[in-house]
There are 2 protein chains.
Amino acid sequence: MTNAMIQNGPVRILGLDPGLRRTGWGVIVSEGSRLRWIAHGVVAPDERAPFAERLLHLLEAVGEICASHGCEEAAIEEVFVNVNPASTLKLGHARAAVMLAPARCGLPVSEYSPNLIKKAVVGAGHADKGQIAFMVKRLMPASGEVKADAADALAVAITHAQLRKRTLLENLRGAA
Amino acid sequence: MTNAMIQNGPVRILGLDPGLRRTGWGVIVSEGSRLRWIAHGVVAPDERAPFAERLLHLLEAVGEICASHGCEEAAIEEVFVNVNPASTLKLGHARAAVMLAPARCGLPVSEYSPNLIKKAVVGAGHADKGQIAFMVKRLMPASGEVKADAADALAVAITHAQLRKRTLLENLRGAA
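Going by an unreviewed UniProt entry, chain A carries the name Crossover junction endodeoxyribonuclease RuvC and comes from Brevundimonas goettingensis. Word for word, the UniProt comment on chain A under Subcellular location (unreviewed entry) is "Cytoplasm". Per its UniProt entry, chain A bears the Subunit (unreviewed entry) comment "Homodimer which binds Holliday junction (HJ) DNA. The HJ becomes 2-fold symmetrical on binding to RuvC with unstacked arms; it has a different conformation from HJ DNA in complex with RuvA. In the full resolvosome a probable DNA-RuvA(4)-RuvB(12)-RuvC(2) complex forms which resolves the HJ."

What follows is the structure in structure tokens.
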């Protein structure tokens, strides 16, 4: 990807909030300073299935969302290192499965820290989940009521819409 | 998969030792009490590429190995939780990408702890890497000299050859 290849027209963004039990997703269109809600939801693999199958469910379900909504760029939340190392390891697995879905479709995948997302959406780095859901609904009233996982995913997509050119150029330099 | 579907004839096993920088792999055939070496190697994604692309490299390279060698079952090392939580998180990502490759091809993926692998291959839970490489060469002279990552991967495959019926039945019960 080169600078010239970073779109200036409307772009369809997939936001992802990864988790092994519940992965939130949200699709928006960003055009200039306007944001438009397209869809959102949650992927929840069967907790009784073998571990590899739960990861496969995440990969395939997010891949289908990506394709069916014609997403062009993806953004995912960076995750906190949990106090429990075993939980950190599991979350790492889930996040990889979720990231790989857009990567397989050839989409650039940008990463944003929770604090950056809160600042971008609410204006404060220490906002709680309720404030994020409130602002997501404010920015995109068509979304209706959005539960926490999906609201966080839409917030990642909104953050990417605001910061995408800078982020994509940084990734480009990182890979050069 | 049912009990009747667990093969009694020769089975081609892919063993995996996951890592973001280097993932070892080894393919063996197990028939009765006999083991036959087929191939081994290491996948090492470009460290300068964006994170999602490094994971994608692991997924695709292991997927190609799986398909080109006609593997029927896969086995992967369980990983230790690192003292550094950020490293644990990264290793979780890499391991998921590596596990997803055989899972996507419909292969059952079994998991074994490092201690179990050492006991199965060397006979002692506290063997070092040198002893594992030595025993792998002993059990499968056709492999020639094998470096550490690939020797560990072959050791996982050997462990699975010894324990597969028990493990596959346990997975079956877990998913029921």
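Undergrad: Explanation requested: the UniProt feature "active site" (unreviewed entry) in chain A in the structure shown.
TA: Residue and element names in this part refer to chain A. With numbering matched to this structure, UniProt assigns "active site" (unreviewed entry) to Asp17, Glu77 and Asp149. With the annotated positions falling across 133 residues, the maximum pairwise C-alpha distance of 11.3 Å places them together in a single cluster. One can find Asp17 in strand S1 (residues 11-17). For Asp17, a relative accessible area of 10% translates into the label buried.

Undergrad: Explain the packing of helix H1 (residues 51-68) of chain A against helix H2 (residues 85-104) of chain A here, please?
TA: The axes of two packed helices give the description: the angle between them and the distance between them. Residues and elements named next belong to chain A. Packing of H1 against H2 brings their axes to within 8 Å, and their N-to-C directions diverge by 35°. Once H1 is placed against H2, the crossing between them reads as right-handed. Contacts between H1 and H2 involve Phe51, Leu55, Leu58, Leu59, Val62, Gly63 and Cys66 on the former and, on the latter, His93, Ala94, Ala97, Val98, Leu100, Ala101, Pro102 and Arg104. Grouping the amino acids of the contact of H1 with H2 by side-chain chemistry returns 12 nonpolar, 2 polar and 1 charged.

Undergrad: Would you explain the pattern of salt bridges in this entry?
TA: A side chain with one charge may pair with a side chain of the opposite charge, provided their charged atoms come close. Residues and elements named next belong to chain A. Applying the stated criterion across every chain, the model contains 14 salt bridges over all chains. A salt bridge links Asp149 to Arg22; the shortest N-O distance between them is 2.8 Å. Taken together, the positions of Asp149 in helix H5 (residues 148-175) and Arg22 in the loop between S1 and strand S2 (23-31) put the pair 127 residues apart, joining distant regions of the chain. Note on Asp149: relative accessible area 19%, which makes it buried.

Undergrad: What is the right way to read the sheet that holds S2(A) from this model?
TA: Consider a sheet: its strands pair through backbone hydrogen bonds, and that pairing is either parallel or antiparallel. Residue and element names in this part refer to chain A. Taken in spatial order, the 5 strands line up as S3-S2-S1-S4-S5 in an open sheet, and their pairing is mixed. Two strands close off the open sheet at either side, each with one partner strand: strand S3 (34-43) and strand S5 (109-112). This sheet shows a mean twist of 20° between the axes of neighbouring strands, independent of strand direction. Of the pairings in the sheet, the one linking S1 to strand S4 (residues 73-77) comprises 4 bridges and is parallel in character. Counted as the bridge partner of Gly15 is Ala75 from S4.

Undergrad: Any chance you could explain the relation of the copies chain B and chain A here in plain terms?
TA: Note: a rotation about an axis with an accompanying shift along it relates these two copies of the chain. Superposition of chain B onto chain A requires a rotation of 180° combined with a translation of 0.0 Å along the rotation axis, giving an RMSD of 0.0 Å. Both copies of the chain, as the preceding transformation shows, are related through a two-fold rotation axis. A shared interface surface links the copies, since 100% of the contact residues of chain B are contact residues in chain A too.

Undergrad: I'm lost on the sheet that holds strand S2 (residues 23-31) of chain B in this one. Help?
TA: All names here are of chain B. Strands sit in the order S3-S2-S1-S4-S5 across an open sheet of 5 strands; the sheet is mixed. At either margin of the open sheet sits one strand with a lone partner, and together these are strand S3 (34-43) and strand S5 (109-112). Averaged over all pairs of adjacent strands, the angle between strand axes in this sheet comes to 20°, irrespective of strand direction. In the sheet, S2 pairs with S3 via 9 bridges, with the strands oriented antiparallel. Within S3, the position partnered with Thr23 by the bridge is Val43.

Undergrad: So what exactly am I meant to see when it comes to the nonpolar core here?
TA: One recurring pattern in soluble globular proteins is that nonpolar side chains are buried together. One finds A:Leu14 and B:Leu14 to be the most contacted residues of the largest nonpolar core, which totals 60 residues. Leaving out residues up to four positions away in the same chain, A:Leu14 has contacts with A:Trp25, A:Gly26, A:Val27, A:Val62, A:Ile65, A:Cys66, A:Cys71, A:Glu73, A:Ala74 and A:Ala75.

Definitions and cut-offs
- Residues numbered from 1 in each chain as written.
- Chains lettered and ligands numbered in written order.
- Predicted model: local features only at pLDDT ≥ 70, side-chain atom pairs only at ≥ 80, totals over all residues.
- Heavy atoms only, no water.
- UniProt positions renumbered as here; feature names shortened; annotations may be inferred.
- Helix = DSSP H or I, 4+ residues; strand = E, 2+ residues; numbered from the N terminus.
- Buried < 20%, exposed > 50% of the residue type's maximum accessible area, 1.4 Å probe, protein only.
- Axes fitted to C-alpha atoms, helices over the stretch in contact; angles between N-to-C directions.
- Left-handed = near helix turned anticlockwise from the far one by under 90°.
- Contact = heavy atoms within 4.5 Å.
- Nonpolar A, V, L, I, M, F, W, Y, C, P; charged D, E, K, R; others polar.
- Salt bridge = Lys/Arg side-chain N within 4 Å of Asp/Glu carboxyl O.
- Pairing = 2+ DSSP bridges.
- Least-squares fit on C-alpha atoms with pLDDT ≥ 70 in both.
- Core = buried A, V, L, I, M, F, W, Y, C linked by side-chain atoms within 4.5 Å.

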